[in-house]
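Structural characterization, general
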Amino acid sequence: MPQAVLERQRLKTESAPPSGRDKYAAPFDLYESIGKHLRLPTLASGIVAGFAACAILGHYAPLFWPIKHFQRFHHFINESSDYFPTANQMLTVVRKQVPRHKILVVIGGGSVTWGASQSAADVWSHKLQEKLGDRYAVVNLALPANGAFEAGYLVFEQLRREYPRAIFITSGLPKVRMERPAKGGRAAYLFYDCLFKGYLENFPPRLEPPGEADSVRNDLYIGDERQERWLGGLLDSFLRFQDLWNAVGYQHFFTVYTTTTEKSMWRARRAYADPEWSYPSQTKPDEKWLNRRGDGTIPGLSRRFYKDAGKKKMEKIVAKIMEEAELQAPKDVRPQIILMHIDFSPLYKSTLDETEKAALNRRWIVSDAYRKCGYQVVDLKDRFEQEDYADFVHHTPKGGQKLAAIAAQAIEKRACALGYLR
Amino acid sequence: MPRSKDFLAHVLSLAAGLLIGCILHYVLYRIAVPVNTFVYFFF
C-alpha cells in the first residue's frame, strides 16, 4: 500500500471520536501522575528527615512549650481528658518554678492530695505553701486515681538528685496495700516513661512482674497492656513522640477526641482553666458508695480484708504488706518520703455496724508495716470531722486547710531530722 | 523533562516525605497514649 494511503488512514483513526471503551477511560491517572512527579529517593529521605526532626524536637518540646502558671494537673491536663503528662513535662514544671536553694516539697498520690473538691484557689497545696513559708517550695504533682507511689513519686526520684533538699509527701487510700507503680493501668505509662529515661533509681525488685498479690488490680486491666506501656516507654526514650505531641497539644492544638472536650477538641489545652470547684460539706451519705461492691467502698473494704481474720492470718497479712512496702521505693529514698494514711468521713463510718467498724480499724496495721520498712507515716485517723469532707474521702477547702496543717508539721519535722534546716 | 520541572518534583517529594515522617511520628504517639480504642485513634 502506498505510503500516502497509510498516512491518511493513521490520521483518520487518530482524529476519530473515541470508541465505546475509550469513552470511559480515565482522563487522568493519579497513580501514574504521582509516579511521574515523585522522586522516590527524595521522598524516602524526606520521610526519614521528617521523622528525625520530630524526634529531635521532642527532646526540647517540654522546654519550648512548658505548662505555664502551674498549680496542679487539672482535668484538662490530666488523664481524665486523655492528656497524659510526661515525666519531662513534670520535671520542667518543677525546674522552672523551684530554685535549687529551696527545700523542695513534691506532692504525689491520688485525688485526695491532688485536691479533689477544692477549686484552684482553695486547693490545699496553696495552704501548705503558706504554712511552710518561703524556705520551702511546694509543687503538686498528684494525679487523680493514682496510687501513693505513682505520678509525682516517679519523678521525685530524679528530682532528689537535682535538689539537695527534697521531701516527698503522698497519701494512700486505706486499702490492703498501696499500689505498686510497675503494674498495669493507665498510670503505668509514666513509670516506663521514667524508667527508660533514667529518672528512676536502680531498684530491680520493683521491676518484677506482678505476682499473685497484685491479682486484684491486674484483673482490672487488659493482660498485655503492661507490655504495651513497656514498649511505648522504650521507644519514646529516643523518639520522644509523647513529649512532642503532648507539648503541641498543650501549646498549639490537641488532637484526641474526648467527651469532656467534644465541642472544642482541637483547642490547645493551655486555653482551659482548672474547672474543679469547691464542694460544700456532705450531709447525707451517697448510697452508691455504701452499697457498691468493690475495693474502694467502705463496706467493700471491711468485707475484703478487715473482717475478723484471726491472729495467724493477720500476721500473714502484715508480712505480705511489708513485702509490698519493700517493693515501693529504694531504701535510701524512704527517709524523704512521708505517707499520709487517710481516713474516711465520719458520716460513712457511722453507717457501719460494730463488727464492720472494728474491721475497718484494723487497717491501721498498714501504717505500722510501712513504718517498719523505713517510711514516715502520718495516720489521719479521726483527725477530721464530718464537715471537712465533701464525700466519703475527699476534703472540702476547710478540710484541706486542716490537711495542710498536719502535712506542714510532718514536713518540718522531717526536714529537721534530715538536717535541711541547718 | 525540563530542569525546572524536575527540581519542582524533588521539592514536592521532599515536602511529602517530611509530612509523612511527621505523621508516622504522630501515629506512634497515638498508639502509645493509653487510649487504645480503635474509634479514638481516628479522631
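Rules behind the numbers
- Residues numbered from 1 in each chain as written.
- Chains lettered and ligands numbered in written order.
- Predicted model: local features only at pLDDT ≥ 70, side-chain atom pairs only at ≥ 80, totals over all residues.
- Helix = DSSP H or I, 4+ residues; strand = E, 2+ residues; numbered from the N terminus.
- Buried ≥ 20, exposed ≤ 12 C-beta atoms within 10 Å, placed from the backbone.
- Contact = placed C-beta atoms within 7 Å.
- Expected span 1.5 Å × (residues − 1).
- Bend = angle between axes of the 7 residues up to and from the residue.
- Nonpolar A, V, L, I, M, F, W, Y, C, P; charged D, E, K, R; others polar.
- Axes fitted to C-alpha atoms, helices over the stretch in contact; angles between N-to-C directions.
- Parallel < 35°, antiparallel > 145°, perpendicular 65-115°, else oblique.
- Pairing = 2+ DSSP bridges.
- Core = buried A, V, L, I, M, F, W, Y, C linked by C-beta atoms within 7 Å.
- pLDDT = per-residue confidence, 0-100.

**Focus: the overall build of chain A**
- When you go through chain A residue by residue, the secondary structure sums to 19 helices and five strands.
- With 422 residues in all, chain A has 41% of them scored as buried.
- Intrachain contacts of chain A at a sequence separation of at least 6 include 82% that bridge at least 24 residues.

**A word on the overall build of chain B**
- Broken down by element type, chain B carries two helices and zero strands.
- Within chain B, the proportion of its 43 residues that are buried is 21%.

**Looking at helix α4 (residues 40–64) of chain A**
- With 25 residues, α4(A) extends 34 Å between its outermost C-alpha atoms, agreeing within 8% with the 36 Å of an ideal straight helix rising 1.5 Å per residue.
- A maximum bend of about 40° is found in α4(A) at A:G58, where proline A:P62 lies one to four positions downstream.

**Observations concerning the interface of chain B and chain A**
- With 24 residues of chain B in contact, the opposing surface of chain A contributes 28 residues.
- Of the residues forming the side of chain B that touches chain A, the biggest block, 19 residues, is contributed by helix α1 (residues 3–32) of chain B.
- Grouping the constituent residues of the side of chain B that touches chain A by class yields 19 nonpolar, five polar and no charged.

**Some points on the packing of helix α12 (residues 241–251) of chain A against α1(B)**
- The geometry of α12(A) relative to α1(B) is characterised by a closest axis approach of 9 Å and an angle of 95° between their N-to-C directions. Between α12(A) and α1(B), the crossing angle belongs to the class labelled roughly perpendicular. Counting all contacts with α12(A), which are made through A:F241, A:Q242 and A:W245, the residues of α1(B) involved are B:H25, B:Y26, B:L28, B:Y29 and B:A32.
- Classifying every residue of the contact of α12(A) with α1(B) gives six nonpolar, two polar and no charged.

**Observations regarding the sheet that holds strand β3 (residues 166–172) of chain A**
All names here are of chain A.
- Taken together, five strands build an open sheet; the order of strands is β2-β1-β3-β4-β5 and the sheet is parallel. The two strands at the open ends of the sheet, each matched to only one other strand, are β2 (136–140) and β5 (376–379). Put simply, the sheet's adjacent strands are angled 20° from each other on average, direction ignored.
- Alignment of strand β1 (residues 103–107) against β3, held across four bridges, turns out to be parallel. By the bridge assignment, V106 is partnered in β3 with F168.
- Of the strands in this sheet, β4 (337–341) and β5 touch helix α18 (residues 365–372), which is tilted by about 160° from β5.

**Describing the environment of A:L190**
Residues and elements named next belong to chain A.
- Looking at the element boundaries, L190 is found in helix α9 (residues 188–196).
- L190 sits 202 residues away from F392 along the chain, and the two C-alpha atoms are 28 Å apart.
- The contact partners of L190, leaving out residues within four places of it in the chain, are A87, E150, A151 and L154.

**As for unusual backbone geometry**
All names here are of chain A.
- Phi is positive for H69, close to 50°, though the residue is something other than glycine.
- Secondary-structure assignment places H69 in the loop between α4 and α5 (87–97).
- Exposure remark for H69: the 9 C-beta atoms within 10 Å place this residue in the exposed category.
- Here D382, not a glycine, exhibits a phi torsion of approximately 55°, which is positive.

**Brief notes about the nonpolar core**
- The biggest cluster of nonpolar side chains holds 91 residues, and the ones touching the most others in it are A:V105, A:V106, A:L154, A:V155, A:I167, A:I169 and A:C194.
- Leave out the neighbours within four places in its chain, and A:I167 touches A:I103, A:V105, A:Q336, A:I338, A:I411, A:R414 and A:A415.

**Points about the pairing of β2(A)**
All names here are of chain A.
- Within β2, four of the five residues are buried, which leaves the element mostly enclosed by the surrounding structure.
- Relative to β2, β1 is paired through five bridges, and the arrangement is parallel. Bridging across to β2, V106 finds its partner in V139.

**Some thoughts on the confidence of the model for chain A**
- Residues at a pLDDT of 70 or more form 82% of chain A, whose mean pLDDT is 84.
- Of the regions scoring below 50 in pLDDT, residues 212–223 of chain A engages in 13 contacts with residues more than four places distant in sequence or in other chains.

**Looking at the environment of A:Q3**
- Locating A:Q3 in the fold gives a position in helix α1 (residues 3–15).
- Spatially, the C-alpha atoms of A:Q3 and A:H252 are 71 Å apart, while their sequence positions differ by 249 residues.

**Considering the pairing of β3(A)**
All names here are of chain A.
- The buried fraction of β3 is high, at seven of seven residues.
- Pairing between β3 and β4: five bridges, direction parallel. Bridging across to β4, T170 finds its partner in L339.

**Topic: the environment of A:Q97**
Residue and element names in this part refer to chain A.
- Tracing the chain through its elements places Q97 in helix α5.
- Residue classification places Q97 among the partly exposed positions, given that 15 C-beta atoms sit within 10 Å.
- In sequence terms Q97 and C416 are 319 residues apart; their C-alpha atoms lie 23 Å from each other.
- Among all residues touching Q97, those that are not within four sequence positions of it are F70, A137 and V139.

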